[in-house]
Structure formats: structure tokens, C-alpha cells
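Overview (structure and organization)
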Amino acid sequence: MVMARDERSVTPQSEDFSAWYNDVIFRAELVDRGPVRGSMVIRPYGYRIWELLQADLDGRIKATGHQNASFPLLIPQSYMQREAEHVEGFAPELFTVTHVGGKELEEPLIIRPTSETIIGEMMAKWISSYRDLPLLLNQWANVLRWELRPRMFLRTSEFLWQEGHTAHATADDAIAETMLALGFYQDLAVQVAALATVPGEKTPRERFAGAERTFTIEAMMRDGRALQAGTSHFMGTNFASAFGITYTSETGTAELCHTTSWGMSTRMIGALIMSHGDDKGLVLPPALAPYQVVIVPIGRGDQAPATLSAATGLAAELERAGIRTHVDGRPQVSPGFKFNDWEMRGVPIRLELGPRDLAAGTALMSRRLSYPQPDPGQDPGQDAAKRAIPLDAAPGLLAAELDAVQAMLALRAADFRAERTATVDSWPGFTAAVAVGWALALHCGEEACEDEIKAETTATPRCIPLDGEPEQGPCIRCGKPSAYGKRVIFARAY
Ligand SMILES: [Zn+2]
């Protein structure tokens, strides 16, 4: 089994975070590379995580009155050209279909990079009166955007996402919707993915192409970089003007609608991996783990059937209690190999079930994560992370243990973010902060100044946190008066 152990181990994060990431995503069988550059095959273990994210978010979307629909993948090129900033923003990433059946098309077709334009066209058709508002739509779909530097889950040419698109009578209503959607993402990130995301507004340059205001949730990865994990945009009347989305008001006047759009994608899985993983591999929050508990039956020869059968019975019982459980009955690999394998794949709880455990009516439980770490001087026998649990109370005990793990992960992410975030008022302080994490700094808001900061440190403005205190002062870089009225998070980002 020496061979197996070496092959399954991952590059330590401290040695090379990117290599660690690649080791984990491929060895945990989350993804594989597609045949076309930048394309991604999501394998069943990875797709299950997506389904769990999707189910939770879809529930939030529907509970607030939105309805799902499905719009076409192909969009007439002319649609993309109607909103000037939108077309300019997406031009370098667009896939264009020019031929069908070997014949050149009269009008090329765009493969959707996002569906603002086609949905705008349909909204114009469906909305006529104030009574039709608000129109609250959502679509679960794949989109294509050419990527020069692909990275699995984070930047792939094709990815899965949901895109909400809504139309409202007033700007206030549309802003409220934009914030409602941002709240879906923040709640999903914190409550389900156990991330310590910061909700905030993007600076003008980082806005979505065609938006008046863009809001984001930013997560901190274990290497201190930031990752945008969901965005929500207030479009003002930009798309309504471009697509003729108008309504007749109660007093009979013709008015432009105010629209929003908001999206969360398979990128969230990348955020999950890089926020929680460690040198042993993935660490999955129980809420998103395909298997919350894996049972490894132990016993050779004559004893094997009895432990396997007991494991299967226990798994059925746990499943009935709503715990996603898997029995690893692979006869060709050793228990040690299985332990490493499931640890690497981030399963929150492992149960070992051997003949002696069975005789004692217990199973040996091991938690993937302890946080805070147990005191090194503590008696190992007292370590709650590894202990025998009585089989007859297993469902209740394990459900409580899973809740504890979920809370531990959220706490660890919050502590990590706090440790690596520095409020800085000097340039040396700034460079030191963004080398390992995030800097909260005052900035003049000028693009040339942002460029200088980026050139020197690779850090960019990630967001203006919503809960930031009002503050003014000199720009961290150039000393001019600060903009935005609050501090900005700067970080190196994915
Ligand atoms: Zn400046």
C-alpha cells in the first residue's frame, strides 16, 4: 500500500497552492479536462456538490416569487450589439456561429455569454402595463465565454450558472431586488458553503458591462486571495432603453422599466475547495458533501460478510434520518487506503465498523476536521474528533456531529479572514497586507492610481464592503482625497 499512499497524497498548500488545487480537483474526481481548451467535464462527485448548491439557491429564488424559465443558447448577433457597453465588454469572449450545414449564415449567431439581450427582447414583448410588473425570471443554464487562462471551476470557457433577470417599475424597486439577490448569495455562502464572504459594491471599473451598479460577495481563499463568488447588478434603464422594455403607468404614461440581473456559477465550487481544503485534500461542509458519512467495514475472510452487512444496515438507517451515507465495500483496497481516499475527498465523517466494534455495539467515528485544534497536550483518548459511538444512537449523534462540523468550518473561515485582513494607512502596510491577504484602505477612485497599485502588487479593488463605516482621508497610494466615503478591500484575486 506504499504505492497507493504516495499516489494519493497531494502537494502541500504552502509549497504550491495551484498545484495543491489541481491535485485535489482531479484526484477527488470532481472534474476532468474536456477535449477543447478551457472546457471542463464535471464528474459525478463534483456535479453532486453543484446539485446541492443549486437546490438550496433554487429554493431561495422560488420562495421570493421568482419563476424559472429557459431561453435559447443561440442569440442573433444584432441583439448583442444593441447595448454598447455590453457588447464591448463581452466582445473578446464571444463564440460566434457563422456556418450551419456548411453554408454561411446571413446573420451570425452568438452562443450566449449571458442572456441579458435575449431576455430583454422577450421582456419587451411580455410587459405592457404596470400590472405586468415586477417580472421576476430566473434561468439555470450553461454559458460560453472564451478563456485565455482557464482554471477548472474558476475560469472555464463553458460553465453552469443561474441568471436572474427582473424588470421593475421604479429604480427603488430594482435596487431592492438587486440587494435581495445579493442576500441569496451571501446567505448561501455563509449558511450552506460555510464561507466568510463579504458583501459589497464593485468600484466603477469592476462593474458588469452595461450595469449602473454591481454588487458582489467576495470570499477569501486559503492563500489569502479573493474570489468573487456571486454578483448582482442594477442595470438602471440601460437595457430597457436598448430593448424597448416599457410599460404604461397607472396614469397612462409610457415609462421605461428598471432591470436587474444576478448570477452564481460553478465558480462557487472553486471557492469552496480553496476556502476549506487542507494538505490532506478537500474539506467539504456537511451541507454540500455528496457523502456526509462514509462507512468502512473492516474484517477479512469469514468476518467480511458480517461487517459489510452491518454497515449496509447502518447506512440505510442513517439515510432514513436524512444523512447522505456511503458504504465503501471495495474488497480490493485496504482500509488504510480507503481512509486516505475519503479524507482526500473531504467527507466530513468516517465510521469504521469491525468485528470488535460490532460485538461492542459501537462504531469508531473520525471527523475530517477539528476546529479549534485540540490542545497538543490533551490526552488523545479525550479527542472528540475520534471516538467510539453507540450504534443504537448513531443517527442522532451523527446529525449533531455534522451540525458541529458545519459550524466549525464557518468559524474557521471567519477567523482566517479576520486574521488575514488588515486596516492599513501606509503604503508599506498595504503591500504587506496584500502579500498575505486583504487590505482595507482608502482610495482616490482614479483608474491610473488603481493601475499603479496593480502593477506594483497585483492587487485590485475587490469591493466596498456594505457594512463599512463612513470614512474619508488620503488615498493609500497617491494621497489625493479618498472616494466612495468608505474603505475599499484590495486583494490579489482569482
Ligand atoms: Zn490614489
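This text gives an overview of the structure that appears in the document.

How each quantity is defined
- Residues numbered from 1 in each chain as written.
- Predicted model: local features only at pLDDT ≥ 70, side-chain atom pairs only at ≥ 80, totals over all residues.
- Heavy atoms only, no water.
- Buried < 20%, exposed > 50% of the residue type's maximum accessible area, 1.4 Å probe, protein only.
- Helix = DSSP H or I, 4+ residues; strand = E, 2+ residues; numbered from the N terminus.
- Pairing = 2+ DSSP bridges.
- Core = buried A, V, L, I, M, F, W, Y, C linked by side-chain atoms within 4.5 Å.
- Contact = heavy atoms within 4.5 Å.
- Donors = N, O, S within 2.8 Å, 3.2 Å for Na, K, Ca; no water.
- Tetrahedral: all angles 85-135°; square planar, octahedral: opposite > 155°, others 65-115°.
- Axes fitted to C-alpha atoms, helices over the stretch in contact; angles between N-to-C directions.
- Parallel < 35°, antiparallel > 145°, perpendicular 65-115°, else oblique.
- Left-handed = near helix turned anticlockwise from the far one by under 90°.
- Nonpolar A, V, L, I, M, F, W, Y, C, P; charged D, E, K, R; others polar.
- Polar contact = N/O pair within 3.5 Å; in protein donor to acceptor, adjacent residues only side chain to side chain.
- Phe/Tyr/Trp six-rings, centres within 6.5 Å; stacked < 30°, edge-to-face > 60°.
- Lys NZ or Arg CZ within 6 Å of the ring centre and 35° of its normal.
- Arc of directions from axis to C-beta.

With respect to the pairing of strand 11 (residues 226-236)
Within strand 11, 10 of the 11 residues are buried, which leaves the element mostly enclosed by the surrounding structure. In this sheet, strand 11 lies alongside strand 10 (residues 213-220) in antiparallel orientation, the contact comprising 8 bridges. Across the sheet, E218 pairs through a bridge with Q228, a residue of strand 11. With antiparallel pairing between neighbouring strands as the criterion, strand 10 and strand 11 make up a hairpin whose turn holds 5 residues, including G224 at a positive phi of roughly 90°. Of the pairings in the sheet, the one linking strand 11 to strand 14 (residues 258-265) comprises 5 bridges and is antiparallel in character. Residue pairing in the sheet places H233 in a bridge with S261 of strand 14.

A few points about the nonpolar core
Judged by nonpolar contacts, the single largest core of 56 residues is most densely connected at L30, F153, M268, I273 and M274. Once residues lying within four places of it in the same chain are set aside, the contact partners of F153 are Y21, I25, L30, V31, M40, T266, R267, I269, G270 and I273. Core analysis: the second largest hydrophobic core is formed by 24 residues, I118, L133, A209 and F239 among them.

What to know about the coordination of the zinc ion
Protein coordination at the zinc ion: the donors are C444 (SG), C449 (SG), C475 (SG) and C478 (SG), at 2.3 to 2.4 Å from the metal. The coordination sphere of the zinc ion comprises 4 donor atoms, whose angles at the metal cover 104 to 117°; the geometry is tetrahedral.

Side note on the sheet that holds strand 7 (residues 135-144)
Taken in spatial order, the 11 strands make up an open sheet running 3-7-8-14-11-10-9-22-23-21-20, and their pairing is mixed. On the outer flanks of this sheet lie strand 3 (67-68) and strand 20 (421-423), each paired with one strand and no other. Relative to the sheet, helix 7 (residues 171-192) contacts strand 7, strand 8 (158-168), strand 9 (198-201), strand 10, strand 11 and strand 14, its axis offset from that of strand 14 by approximately 10°. Its contacts with the sheet put helix 13 (residues 394-419) on strand 9, strand 10, strand 20 and strand 21 (438-441), and the angle it makes with strand 20 is roughly 40°.

Some details on the packing of helix 3 (residues 44-63) against helix 7
Orientation of helix 3 relative to helix 7, taken along the N-to-C sense of each, is 140°, at an axis distance of 10 Å. The angle between the axes of helix 3 and helix 7 places the two elements in the oblique class. Judged by the twist between their axes, the crossing of helix 3 over helix 7 is right-handed. Within the contact between the two elements, helix 3 uses L53, D56, L57, R60 and I61 and helix 7 uses F184, Y185, D187, L188, Q191 and V192. Residues of the contact of helix 3 with helix 7, tallied by class, amount to 7 nonpolar, 1 polar and 3 charged.

Observations regarding the sheet that holds strand 16 (residues 325-327)
In a beta sheet, neighbouring strands are held together by backbone hydrogen bonds and run either parallel or antiparallel to one another. Spatial strand order, 16-15-17-18-19: 5 strands in an open sheet with mixed pairing. The sheet terminates laterally at strand 16 and strand 19 (386-390), the two strands that pair on one side only. Strand-to-strand twist across the sheet, computed as the mean angle between neighbouring axes with direction ignored, equals 25°. Where strand 17 (residues 349-353) meets strand 18 (residues 362-367), 4 bridges bridge the pair, whose relative direction is antiparallel.

Brief notes about the environment of S232
With respect to the helices, strands and loops of the structure, S232 is situated in strand 11. Relative accessible area serves as the criterion here: at 0%, S232 is assigned to the buried category. Separated by 34 residues in sequence, S232 and V198 place their C-alpha atoms 14 Å apart. Leaving out residues up to four positions away in the same chain, S232 has contacts with T178, A181, L182, R213, T214, F215, S261 and W262. Separated by 2.7 Å, the side chain of S232 and the backbone oxygen of T178 make a polar contact.

Description of the packing of aromatic side chains
All chains considered together, the criterion is met by 13 aromatic pairs. Aromatic pair F159 and W161: ring centres 5.8 Å apart, planes at 90°, arrangement edge-to-face. For the pair shown, F159 and W161 are each scored as buried. A centroid spacing of 6.5 Å and a plane angle of 10° characterise the contact between F239 and F243, whose relative ring orientation is stacked. Highlighted residues: F239 and F243, both in helix 8 (residues 238-243), separated by 4 residues, approximately one helical turn. What links up through ring pairs into an aromatic cluster is the set Y45, Y291 and W342. Here the basic side chain of R225 rests over the ring of Y494, its NZ or CZ set 5.5 Å away from the ring centre.

Overview of unusual backbone geometry
Residue L133 is joined to P134 through a cis peptide bond whose omega torsion reads -5°. With respect to the helices and strands, P134 occurs in the loop between helix 6 (116-126) and strand 7. Here the bond from Y371 into P372 is cis, since omega is -5°, no more than 30 degrees from zero. Secondary-structure assignment places P372 in the loop between strand 18 and strand 19. For F153, which is not a glycine, the phi torsion comes out positive at approximately 70°. In the Ramachandran plot, A194 falls in the positive-phi region, its phi being about 60° despite a non-glycine side chain. When you line up the elements, A194 lands in the loop between helix 7 and strand 9. Judged by relative accessible area, which is 0%, A194 ranks as buried.

Here's the deal with helix 14 (residues 427-436)
The complete set of buried residues in helix 14 reads W427, F430, A433 and V434. Buried residues along helix 14 cover an arc of 120° about the axis, so they all sit on one side. Packing partners of the buried residues in helix 14 comprise strand 20, strand 21, helix 15 (447-457) and strand 23 (488-491).

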